[in-house]
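Fold and contact review
Listed here are the chains, written in short residue letters.
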Amino acid sequence: MYRVRYTNQAEIDLGDAISHIAKENITNAQNYLSRYESKIELLKLNPQMGVECKNKFIKRECKILVHESHIIIYKILTKTSELLLVRIFHGSVDYANKFNSKNFGEL
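Predicted, not measured: the structure shown is a model, and the values here were computed from it.

Quick notes on the sheet that holds strand β3 (residues 63-67)
Ordered by their spatial adjacency, five strands build an open sheet running β1-β5-β4-β3-β2, and the pairing between neighbours is mixed. In this open sheet, the two edge strands, each paired with only one partner strand, are β1 (3-6) and β2 (51-52). Where β1 lies against strand β5 (residues 82-90), four bridges are found, and the strand directions are parallel. The partner of V4 across the bridge, within β5, is L83. Here helix α1 (residues 8-24) sits on the sheet in contact with β1, β4 (70-77) and β5, set at roughly 45° to β5. Contacting β1, β3, β4 and β5, helix α2 (residues 26-45) runs over the sheet at an angle of about 145° to β3.

The structure is reproduced here in structure tokens:
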């Protein structure tokens, strides 16, 4: 089983998503977070379950996992048996352009 590690930005992204849902309904936010955590547990057991980023026009070595209305971008670090969650975007965001941006930085 792989361990999960978040970038600072991915932690912010997740917090923003939960806060946004909680503005409408706290129970929905709690339920969403529970389903998200279940999905991440499944990912830890099956790190290859995501789609290669290049299949979604992202020019980086990473994978994409869809969770409900969000896109989770992660990298498999086989040497350390870790999954690095890099970003979490709402599906309405043009994440491919943001992620391909030269200003975005390295993974």
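Description of the pattern of salt bridges
Under the counting rule described, the total for this entry stands at five salt bridges. Across the pair K44 and E41 runs a salt bridge, and its minimum N-O distance is 3.1 Å. Linking K44 with E41, this pair stays in helix α2, spanning three residues, or about one helical turn. Relative accessible area serves as the criterion here: at 41%, E41 is assigned to the partly exposed category.

Calculation notes
- Residues numbered from 1 in each chain as written.
- Predicted model: local features only at pLDDT ≥ 70, side-chain atom pairs only at ≥ 80, totals over all residues.
- Heavy atoms only, no water.
- Pairing = 2+ DSSP bridges.
- Helix = DSSP H or I, 4+ residues; strand = E, 2+ residues; numbered from the N terminus.
- Contact = heavy atoms within 4.5 Å.
- Axes fitted to C-alpha atoms, helices over the stretch in contact; angles between N-to-C directions.
- Salt bridge = Lys/Arg side-chain N within 4 Å of Asp/Glu carboxyl O.
- Buried < 20%, exposed > 50% of the residue type's maximum accessible area, 1.4 Å probe, protein only.

Interpretation in functional terms is not warranted from these geometric data alone.
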